[in-house]
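Architecture and fold: a report
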Amino acid sequence: QAHILDYSAPLKGPETKTLSQFLKALNLSGKRVLFLAGSQDEEVKTLSLSVRNIPKVNFIQITDVSGKDLALASDLVILDSAVGSLKETLGGSK
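A few points on the structure. (Residues numbered from 1 in each chain as written. Predicted model: local features only at pLDDT ≥ 70, side-chain atom pairs only at ≥ 80, totals over all residues. Heavy atoms only, no water.)

1. Let's talk about the overall build of the chain
Note the threshold: The way it works is that DSSP assigns letters per residue, a run of H or I at least four long becomes a helix, a run of E at least two long becomes a strand, and they are numbered from the N terminus. In this treatment the radius of gyration is a C-alpha quantity, and the globule benchmark scales as 2.2 Å times the residue count to the 0.38 power. Buried means the residue's accessible area, taken with a 1.4 Å probe over protein chains only, is under 20% of the maximum for its type, while exposed means over 50%, and partly exposed covers the values in between. By definition in these notes, contact holds between two residues if any of their heavy atoms fall within 4.5 Å. Residue-level accessible areas treat just the shown protein chains as cover; the underlying method is Shrake-Rupley with a 1.4 Å probe. His is not counted, nor are the chain ends; Lys and Arg add positive charge and Asp and Glu add negative charge. The location of each charge is read from NZ of Lys, CZ of Arg, CG of Asp or CD of Glu.
Within the chain, the secondary structure is distributed over 4 helices and 4 strands. Its helices and strands taken in sequence order, the chain reads β-α-β-α-β-α-β-α from the N to the C terminus. Taking 12 Å as the expected radius of gyration for a compact globule of 94 residues, we find that the chain reaches 13 Å, a close match to that expectation. Seen along its three principal axes, the alpha-carbon backbone of the chain occupies a region of about 35 × 25 × 20 Å. Residue burial in the chain is summarised as follows: out of 94 residues, 33% are buried. Relative to all contacts within the chain whose residues are 6 or more apart in sequence, the contacts with residues 24 or more apart total 73%. Here the chain has roughly 5900 Å² of accessible surface; of this, 50% comes from carbon and sulfur atoms. Positive and negative charge centroids in the chain, built from 11 and 10 side chains respectively, lie 9 Å apart.

Right, here's the structure in full:
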């Protein structure tokens, strides 16, 4: 299952607890979740630091994702910054 995350209110710093609560609200706790990002700015870096201590959750740039990464994930959280790149990769327009 895929979820699009409008990341317009970035975290002020690495907040694993906040991300854990977010995953729980989406019923994704304990599942293999893959976050896909399209940019490497400071806000996205903060999000990736928040995710790294949560078991079964990975954070990858859209340019670095592999078929294996997608196959192992039960759910995807796609940041809005990655949607255009994903469409382009899959053969659609931006």
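What follows picks up the thread again.
2. Let's talk about the side chain of Q61
The residue Q61 is located in strand 3 (residues 57–61) in this model. Discounting chain neighbours no more than four positions away, the residues touching Q61 are A37, G38, S39, Q40 and V44.

3. Some points on the packing of aromatic side chains
What counts here: Two rings from Phe, Tyr or Trp (for Trp, the six-membered ring) form a pair when their centres sit within 6.5 Å of each other. Planes less than 30 degrees apart are called stacked, planes more than 60 degrees apart edge-to-face, and all others tilted.
With the rule as written, the count across this model stands at 1 aromatic pair. Ring plane angle 25° and centroid distance 6.2 Å describe the contact between F35 and F59, whose orientation is recorded as stacked. Highlighted residues: F35 in strand 2 (residues 33–37) and F59 in strand 3, separated in sequence by 24 residues. On the accessibility criterion, F59 (19% relative accessible area) is buried.

4. Description of the pairing of strand 3
Under the convention used in this document: Criterion used throughout: strands pair if DSSP finds at least two bridges between them.
Buried residues dominate strand 3, accounting for 4 of its 5 residues. Looking at chain direction, strand 2 and strand 3 are connected through 5 bridges and run parallel. Among the inter-strand pairings, L34 is bridged to a residue of strand 3, identified as N58.

5. A few points about the pairing of strand 2
Rules: By definition, the crossover connecting two strands over a helix is right-handed if that path, from the first strand to the second, turns clockwise as seen with the strands pointing away from the viewer.
Within strand 2, 5 of the 5 residues are buried, which leaves the element mostly enclosed by the surrounding structure. Residues V33, F35 and A37 of strand 2 are buried on one face, and the alternating residues L34 and L36, pointing to the opposite face, are buried as well. For the crossover from strand 2 across helix 2 (residues 42–51) to strand 3, the handedness is right-handed. Sheet analysis places strand 2 next to strand 4 (residues 75–79), joined by 4 bridges and oriented parallel. Bridge assignment links F35 to a residue of strand 4, and that residue is V77.

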